[in-house]
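Each chain, written out:
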Amino acid sequence: MHTLLLLLAGIAFLMIVLEDVIHLNKAKSTLFLGTLAWLLLFLFPDQGVEAADIQLMLNENLLEIASLWLFLMAAMTFVAYLNHHGLIETLIYKFLPSRIGEKSLIFMVAIFSFIFSSLSDNITATLVSVALVLSLKLPPHKTLKFAVMVVFAVNSGGVSLITGDVTTLMIFLDNKVAIQDLLWLSLPSFVSVMLLASMLSFGLSGELLIDGGARTHDRVGMSIAIIFLATIISTILLNIIAGVPPVLTFLFGLSIMFLIGRFFHKQDSREDMLDYIRAIEFDTLLFFLGILLLVGMLKEIGVLDNLVTIYEVLPPIHANFVMGLLSSLVDNVPLTAALLKADPAMTEASWLSLTYAVGVGGSLLVIGSAAGIVAMSKVAEVTFISYLRYTLFLLIAYLVGYAGSLVIGDIVFG
């Protein structure tokens, strides 16, 4: 039975990698195989294992998944509202000058992608940033440079805030790193993004005219944007001061958004503020559900014990770096989930460097992160081969960022 369960997990991970080849959404395949694996655990239990024991295992896994799910649902609903009303685009064009050089623009795109990905999920941040790049109508080779910049900046921006990257949220929810310590990762992450922008700026010499068009926003929309930012700040402060779970603060902020929409929003193409929940990427949430069920199953049958062997062979500094490289080939969500379930013995400083490694390492290849996949699907110039042209630049930026995360770890926990 263990062999069959391992086979199911292997098939699931293979289908994730080959999603664009087989044209089957990874949410569908992982949810099917994840639930099937647990059904088999119940139907064919190991000798001496009762159904009640398996139920306890499942309940423990579902509790972890529910916290992640509800937090992401709340955060994504906020972003769905802001995106629907054009508030994000309005903000972008408000700060862009009408005339700007290409060198300056790549730095501005990098900074925007970095900051926005800290506040929203990587998929939304990439979609918005890529839409900005495409609106510039640059030559193909320059569009490719800007798209590469977006992918790295989006992945880098998400590692320091639990709202920005699922793997960061997972590591935090597992009590490996405190929320205030994660904030320090923004320093090496930002430095690495600026370094990459500097390297990519070579060869950019033109000047662009930016036409933002007529954009409007209402008071309610701006109020909800302020509530979103206040919710993020409150989530950090309340967790530090009183240990309030982030999911609780975000659900409270979401309830305020619903109430404001109910009492003050006059006209909207959607029937009700609750409809914005339907606008979020449920395929992403279902993928997380399926993959975490699979990883939970692997932990319960003892398979993940083998994953920590790399930490017995290599010191955590090197092992974490390797995990970052591996995340460019394997989706970082199942990789991080497997590491958390295996629970290698590491210090908080090492967990901090791992957070950076698995969050940014996926940028090295275009298939290594959700941001890369989105960019490849939306920008014709971005292919697996064309992206490889900038692998050396990306690796240098990743090395600098990872080294910076080690320094930060020594300072914070030293």
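Colleague: I tried to follow the overall build of the chain on my own but got confused; where do I start?
Modeller: For the chain, the helix and strand inventory stands at 21 helices and two strands. Taken over the C-alpha trace, the chain has a radius of gyration of 21 Å; the compact-globule value for 414 residues is 22 Å, and the two agree within 12%. Referenced to the eigenvectors of the C-alpha coordinate spread, the extents of the chain come out at roughly 70 × 55 × 50 Å. Looking at the chain residue by residue over its 414 residues, the buried ones come to 54%. Partitioning the contacts of the chain with sequence separation of at least 6, the portion at a separation of at least 24 is 79%. Summing over all exposed atoms, the chain offers an accessible surface of approximately 18,400 Å²; the carbon and sulfur share of this is 67%. Counting 19 positive and 30 negative side-chain charges, the chain places the centres of these two groups 14 Å from one another.

Colleague: What should I look at first to understand the nonpolar core in this one?
Modeller: Across soluble globular proteins, nonpolar side chains show a tendency to be buried alongside one another. Within the largest apolar cluster, 140 residues are counted, with the highest numbers of intra-cluster contacts made by Leu72, Tyr81, Met149 and Met297. Per element, the largest residue contribution to this core is 15 residues, and it comes from helix 4 (residues 51-84). Ignoring sequence-local partners within four residues, the contact set of Leu72 consists of Val166, Leu169, Leu285 and Phe288.

Colleague: Which parts of the structure should I look at to understand helix 5 (residues 87-95)?
Modeller: Structural remark: α-helix, 3.6 residues per turn; residues separated by three or four positions point the same way. Burial in helix 5 covers these residues: Leu87, Ile88, Thr90, Ile92 and Tyr93. Where helix 5 is buried, its residues touch helix 4, helix 6 (102-119), helix 7 (122-135) and helix 12 (219-242).

Colleague: Even after reading the chapter, I still don't get the environment of Met73, so can you show me in this structure?
Modeller: Summarising the element assignment, Met73 is placed in helix 4. Measuring from C-alpha to C-alpha, the distance between Met73 and Val330 comes to 24 Å, with 257 residues separating the pair along the chain. Setting aside residues up to four positions removed in sequence, Met73 forms contacts with Leu251, Leu254, Ile277, Ile280 and Leu285.

Colleague: Hey, could you run me through the packing of aromatic side chains in this one?
Modeller: In this description, an aromatic ring pair is defined by two values, namely the gap between the centres and the angle between the planes. For the structure shown, the criterion picks out 14 aromatic pairs. Considering the side-chain rings of Trp69 and Phe282, the 6.3 Å spacing of their centres and the 50° angle between planes classify their relative orientation as tilted. Placement of Trp69 in helix 4 and of Phe282 in helix 14 (residues 282-300) is noted, with a sequence separation of 213 residues between them. Residue class for Trp69 comes out partly exposed when judged on its relative accessible area of 23%. Here the aromatic rings of Phe287 and Phe288 are separated by 5.7 Å at their centres, their planes lie at 50°, and the arrangement is tilted. You can call Phe287 buried: its relative accessible area is 3%. The exposure class of Phe288 is buried, given its relative accessible area of 6%. Aromatic rings pair up to connect Phe71, Phe78, Phe228 and Phe250 into one cluster. A cation sits over an aromatic face here: Lys26 above Phe287, 4.5 Å from the ring centre.

Colleague: Would you mind going over the pattern of salt bridges with me for this structure?
Modeller: Where charged atoms from two side chains of opposite charge come close, those side chains can pair. A full pass over the atoms with the stated rule returns four salt bridges. Notably, a salt bridge pairs Lys341 with Glu64, separated by 2.8 Å at the nearest N-O pair. Taken together, the residues Lys341 in helix 17 (residues 332-342) and Glu64 in helix 4 connect sequence positions 277 residues apart. Glu64 gets classed as partly exposed once you look at its relative accessible area, which sits at 35%. In this structure, Lys142 and Glu102 form a salt bridge, with 2.8 Å as the shortest nitrogen-oxygen distance. A residue pair is termed long-range when its members are at least 10 positions apart, and Lys142 in helix 8 (residues 140-157) and Glu102 in helix 6 qualify at 40 residues. In this structure, Lys142 and Glu102 share a single accessibility class: buried. Overlapping salt bridges bring together Asp174, Lys176 and Asp343 as one network.

Colleague: How should empty space enclosed by the protein be read in this particular structure?
Modeller: Any space left empty among the atoms is revealed by the rolling of a water-sized probe across them. A full pass over the atoms with the stated rule returns one cavity of 30 Å³ or more. Of the voids in this model, the largest cavity is the one considered here, and its volume is about 30 Å³. Along its surface, the largest cavity is lined by Leu161, Ile162, Thr163, Ile179, Ile232, Thr235, Ile236 and Phe250. Per-class residue counts for the lining of the largest cavity are six nonpolar, two polar and no charged.

Colleague: Looking at this model, I keep getting lost on the packing of helix 14 against helix 17. Mind explaining?
Modeller: When two helices pack together, their arrangement is given by the angle between the helix axes and by the axis-to-axis distance. At a minimum axis separation of 9 Å, helix 14 and helix 17 run at an interaxial angle of 35°. Helix 17 is crossed by helix 14, and the crossing has right-handed handedness. Along the contact surface, helix 14 presents Phe287, Phe288, Ile291, Leu292, Val295, Gly296 and Lys299, while helix 17 presents Val333, Pro334, Ala337, Ala338 and Lys341. Taken together, the residues that form the contact of helix 14 with helix 17 break down as nine nonpolar, one polar and two charged.

Colleague: Where do I start with the packing of helix 11 (residues 186-200) against helix 21 (residues 391-413) in this structure?
Modeller: Look at helix 11 against helix 21: their axes get within 8 Å of each other, and the N-to-C directions meet at 160°. Between helix 11 and helix 21, the angle falls in the class roughly antiparallel. Judged by the twist between their axes, the crossing of helix 11 over helix 21 is right-handed. Contact with helix 11, carried on its side by Leu187, Pro188, Val191, Ser192, Leu195, Leu196, Met199 and Leu200, involves Phe393, Leu394, Ile396, Ala397, Val400, Gly401, Gly404, Ser405 and Ile408 of helix 21 and no other residues of that element.

Colleague: Can you help me understand a nonpolar patch on the surface in this one?
Modeller: The grouping of Met1, Leu4, Leu7, Ile11, Leu39, Leu43 and Phe44 at the surface amounts to a nonpolar patch, some 660 Å² of accessible area in total. Only helix 1 (2-17) and helix 3 (26-43) provide two or more residues apiece to the nonpolar patch. Looking at the nonpolar patch element by element, the count peaks at three residues for helix 1. Mapped onto the elements, Leu7 comes out in helix 1.

Criteria and thresholds
- Sequence positions are assigned chain by chain, starting from 1 and proceeding in written order.
- Given that the model is predicted, a residue must reach a pLDDT of at least 70 before its local features are reported, and side-chain atom pairs must reach 80 or more before they are shown or counted; all residues, however, enter totals for whole chains, interfaces and linings.
- Water and hydrogen atoms play no part in the side-chain values, which are based on all heavy atoms of the structure.
- Strands are runs of DSSP state E lasting at least two residues, helices are runs of H or I lasting at least four, and both sets are numbered from the N terminus onward.
- Throughout, radius of gyration means the C-alpha value; the globule benchmark is 2.2 Å times the number of residues raised to the power 0.38.
- Think of it in three bands: with a 1.4 Å probe and only protein chains considered, a residue is buried below 20% of the maximum accessible area for its type, exposed above 50%, and partly exposed in between.
- Contacts: residue pairs with any heavy atoms within 4.5 Å of one another.
- Working definition of accessibility: Shrake-Rupley area with a 1.4 Å probe, residue cover restricted to the visible protein chains.
- Positive charge is attributed to Lys and Arg, negative charge to Asp and Glu, and no charge count is given to His or to the chain ends.
- One atom stands in for each charge, and that atom is NZ of Lys, CZ of Arg, CG of Asp or CD of Glu.
- Definition used in this section: a nonpolar core is a set of buried Ala, Val, Leu, Ile, Met, Phe, Trp, Tyr and Cys residues joined via side-chain atoms within 4.5 Å.
- Two rings from Phe, Tyr or Trp (for Trp, the six-membered ring) form a pair when their centres sit within 6.5 Å of each other. Planes less than 30 degrees apart are called stacked, planes more than 60 degrees apart edge-to-face, and all others tilted.
- Lysine and arginine charges are scored as sitting over a ring when NZ or CZ, respectively, is within 6 Å of the ring centre and within 35 degrees of the ring normal.
- What counts as a salt bridge is simple: a side-chain nitrogen of Lys or Arg found within 4 Å of a carboxyl oxygen of Asp or Glu.
- Here a cavity means grid points, on a 1 Å grid over the protein atoms only, where a 1.4 Å probe fits yet cannot get out; a pocket means an open set of points with protein on both sides within 12 Å along at least five of seven lines; lining residues are those with an atom within 4 Å of a point.
- Grid points are joined across faces, edges and corners, and a volume is the space filled by probe spheres set on the points.
- Residues are grouped as follows: nonpolar covers Ala, Val, Leu, Ile, Met, Phe, Trp, Tyr, Cys and Pro; charged covers Asp, Glu, Lys and Arg; every other residue, Gly included, is treated as polar.
- To get an axis, a line is fitted to the C-alpha atoms, and for a helix only the part in contact is used. The angle between two axes follows their N-to-C directions and goes from 0 to 180 degrees.
- Whether a crossing is left-handed or right-handed is set by the direction in which the near helix is turned from the far one by less than a right angle, anticlockwise for left-handed and clockwise for right-handed.
- Relative orientations are named as follows: roughly parallel for angles under 35 degrees, roughly antiparallel for angles over 145 degrees, roughly perpendicular for angles from 65 to 115 degrees, and oblique for any other angle.
- Put simply, a patch holds well-exposed residues, over 30% relative accessible area, that have no salt bridge, with like charges counted together within 9 Å and Val, Leu, Ile, Met, Phe, Trp or Tyr side chains within 5 Å.

Any link to function would need more than the numbers given here.
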